[in-house]
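Structure at a glance
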Amino acid sequence: MTTDKTSTAVVNPEAAKGADIAVDPRLLVREQGLGGYLTEFKRKMRGGDLGSIPVIVGLLIICVVFQSLNSEFLSAKNVSDIAVTMVATGMMAVGIIFVLLLGEIDLSVGSVSGVSGAVVAVLSVTHGMNEWLAVLIAIASGAVIGAIHGFFFARIGAPAFAVTLAGLLFWLGFMLQLLGDTGTINLDSDGVVGKLTTYYFADVAAAYGLAAVAVIGYFLSAFLDTRRREAAGVPSRPIIDIAIRTAVLAVFGFGAAFMFNQYRGLPLALVLFLVVLVGTDFVLRRTAYGRKIFALGGSVEASRRAGINVTAIRVSVFAIAGTFAAIGGLFWASKIAAANQGSGGGDLLMNVIAAAVIGGTSLFGGRGRTWNALLGVMVIVSIQYGLALEGIATPINYMITGAVLLVTVVIDSITRKTQKTAGRA
């Protein structure tokens, strides 16, 4: 039996090998070296804790298959186009993840995104308002709409499914009313909204600089967190662990930067998306507000007894979903340089929800990260672009995306049952 002087727990590596018990992987690494990772990985697999492994493996398979079918799939142009196209859906998926963490759903995000584009177009083009002000009003409108949905759900007690389904229909009609008889309002491609998806940082230093900032930022964050945990006497990651993770991030980060610089440079849209992911991840993982969201997704009654204002958290989460739906709507308007009757329609809602779920966010609440939006939307958009390169019809695209979503939900359900059997949920 050995005791780690920086922790209050007693660790027995041999017992950890033979029993399915929760042992902090940082302690296993200290006791067993890198072999501790394998021990912890086996325990997680037995307990059904797959994390992001399925979606990462799936993404790698998608890349290998489509690249073998068409060498243009991983070309600089195609990779850049995928990165820009996925941002609109990804932004909306970030908002949906907040709602899914509560174990709820928001069916109105597609219509709200359409309203956002229509508001900007009407105010800036039809009425000549300053475009920056029009953008702020559009985003604020999304937040207000989301808060209204949250009020009916949290305060009145109406089911979120019914409230947001009504919102889907109401805001769709509102968007059509705003657009008027023409049904389409073209936007200035050189304006604020237009540049969201058309502006690129052409200097090669921009892409490599962002990659360097991401790598250094991650290393410093992990290193300082380790030092704080050591000072507090709790388990911490060894330097070799941090170094390996940093090296993997560097490979992907600088590899992506190289690809972007082979085409037009670093897309502004991707930069904004990454900033949002970092910011929202910090909110969920490092703030009291984020912990309350996870607690509420785990048990409403327990959260209420713990003194959490359940109504306020629910309303705020739906407001966040509305805000990101509006932001996503601006990116879609930028992509087509217009606001039209088709905005927010089609398969957008399903793709948004699918991106969140495929990325690893549980439909049952209490588990997920905003980075899941990045993984999920990469899978969806990669499939779309890969099929387009092969000239495969849209119906096949729908069927494949639906099949991927079904597999993901099944894995999520099996994972929960396995965790319950293992006594971890």
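The rules behind the values
Residues numbered from 1 in each chain as written. Predicted model: local features only at pLDDT ≥ 70, side-chain atom pairs only at ≥ 80, totals over all residues. Heavy atoms only, no water. Patch = residues over 30% accessible without salt bridge, like charges linked within 9 Å, V, L, I, M, F, W, Y side chains within 5 Å. Areas by Shrake-Rupley, 256 points an atom, 1.4 Å probe, with all protein chains shown as cover. Salt bridge = Lys/Arg side-chain N within 4 Å of Asp/Glu carboxyl O. Helix = DSSP H or I, 4+ residues; strand = E, 2+ residues; numbered from the N terminus. Buried < 20%, exposed > 50% of the residue type's maximum accessible area, 1.4 Å probe, protein only. Contact = heavy atoms within 4.5 Å. Core = buried A, V, L, I, M, F, W, Y, C linked by side-chain atoms within 4.5 Å. 1 Å grid on protein atoms, 1.4 Å probe; cavity = no way out; pocket = protein on both sides within 12 Å on 5 of 7 lines; lining within 4 Å. Points joined across faces, edges and corners; volume = space filled by probe spheres on them. Nonpolar A, V, L, I, M, F, W, Y, C, P; charged D, E, K, R; others polar. pLDDT = per-residue confidence, 0-100. Phe/Tyr/Trp six-rings, centres within 6.5 Å; stacked < 30°, edge-to-face > 60°. Expected span 1.5 Å × (residues − 1). Polar contact = N/O pair within 3.5 Å; in protein donor to acceptor, adjacent residues only side chain to side chain. Axes fitted to C-alpha atoms, helices over the stretch in contact; angles between N-to-C directions. Parallel < 35°, antiparallel > 145°, perpendicular 65-115°, else oblique. Left-handed = near helix turned anticlockwise from the far one by under 90°.

So, about a nonpolar patch on the surface. Residues Ile53, Val57, Ile61, Val65 and Leu69 make up a contiguous nonpolar surface patch of about 420 Å² in total accessible area. Here leucine 69 is to be found in helix 4 (residues 53-69). Leucine 69 gets classed as exposed once you look at its relative accessible area, which sits at 51%.

Before going further, it helps to spend a moment on the side chain of serine 113. Locating serine 113 in the fold gives a position in helix 6 (residues 109-126). What serine 113 contacts, discounting residues up to four positions off in sequence, is Met92, Ala325, Gly329, Gly344 and Leu348.

What follows is about the nonpolar core. Core analysis: the largest hydrophobic core is formed by 93 residues, its most contacted members being Val94, Ile293 and Phe331. Here this core gets 15 residues from one element, more than from any other, and that element is helix 5 (residues 76-101). Setting aside chain neighbours within four positions, we find phenylalanine 331 in contact with Val87, Ala88, Met91, Leu196, Thr197, Ala269 and Leu272.

Taking a probe equal in size to a water molecule and rolling it over the atoms shows the remaining empty space. As enumerated under the stated definition, the model contains 1 cavity of 30 Å³ or more in all. Size it by volume and the largest cavity reaches roughly 30 Å³. Residue assignment for the lining of the largest cavity shows that the elements contributing at least two residues are helix 5 and helix 14 (310-336). Of the residues belonging to the lining of the largest cavity, the class tally is 4 nonpolar, 2 polar and 1 charged.

Moving on, we come to the confidence of the model for the chain. Looking at the chain, the pLDDT average stands at 85 and 85% of residues meet or exceed 70. Scored below 50 in pLDDT, residues 1-22 shows 40 contacts in the model against residues more than four places distant or in partner chains.

Turning to the packing of aromatic side chains, a few remarks are in order. Between two aromatic rings, the relevant description is the distance of the centres plus the angle of the planes. Tallied over the entire structure, the rule returns 8 aromatic pairs. Judged by centre distance (5.4 Å) and plane angle (55°), the rings of phenylalanine 153 and phenylalanine 318 are tilted. Pair noted here: phenylalanine 153 is in helix 7 (residues 131-156) and phenylalanine 318 is in helix 14, with a separation of 165 residues, a long-range link. Judged by relative accessible area, phenylalanine 318 falls into the buried class, the value being 1%. When the ring of phenylalanine 170 is compared with that of tryptophan 171, the centres are 4.8 Å apart and the planes differ by 90°; the resulting orientation is edge-to-face. Through successive ring pairs, a cluster of aromatic residues spans Phe170, Trp171 and Phe174.

Take serine 382: it is sitting in helix 16 (residues 371-389). With relative accessibility at 5%, the residue serine 382 sits in the buried group. The contact partners of serine 382, leaving out residues within four places of it in the chain, are Leu59, Ile62, Phe66, Phe73 and Ile82.

Further remarks concern the environment of tyrosine 218. Here tyrosine 218 lies in helix 9 (residues 204-232). The contact partners of tyrosine 218, leaving out residues within four places of it in the chain, are Arg245, Thr246 and Leu249.

Let us look at unusual backbone geometry. Notably, alanine 337 is not glycine yet its phi reads approximately 55°, a positive angle. Topologically, alanine 337 is positioned in the loop between helix 14 and strand 6 (338-340). For alanine 337, a relative accessible area of 27% translates into the label partly exposed.

Taking 1.5 Å per residue, 29 residues should reach 42 Å; helix 9 reaches 42 Å between its end C-alpha atoms and fits that length. Taken residue by residue, helix 9 has Ala207, Ala211, Val215, Ala222, Asp225 and Thr226 as its buried positions. Looking at the buried residues of helix 9, the elements they touch are helix 10 (239-261), strand 5 (266-267) and helix 11 (268-286). In this structure aspartate 203 caps helix 9, since a side-chain oxygen of it lies 2.9 Å from the backbone nitrogen of alanine 205. Glycine 233 lies just past helix 9 and shows a positive phi near 75°.

This part takes up the packing of helix 6 against helix 14. Between helix 6 and helix 14, the shortest axis-to-axis distance is 7 Å and the interhelical angle comes to 60°. The orientation of helix 6 relative to helix 14 falls into the category oblique. Between helix 6 and helix 14 lies a crossing whose hand is right-handed. Contacts between helix 6 and helix 14 involve Val109, Val112, Ser113, Ser116, Gly117 and Val120 from the former and Ala321, Gly322, Ala325, Ala326, Gly329, Leu330 and Ala333 from the latter.

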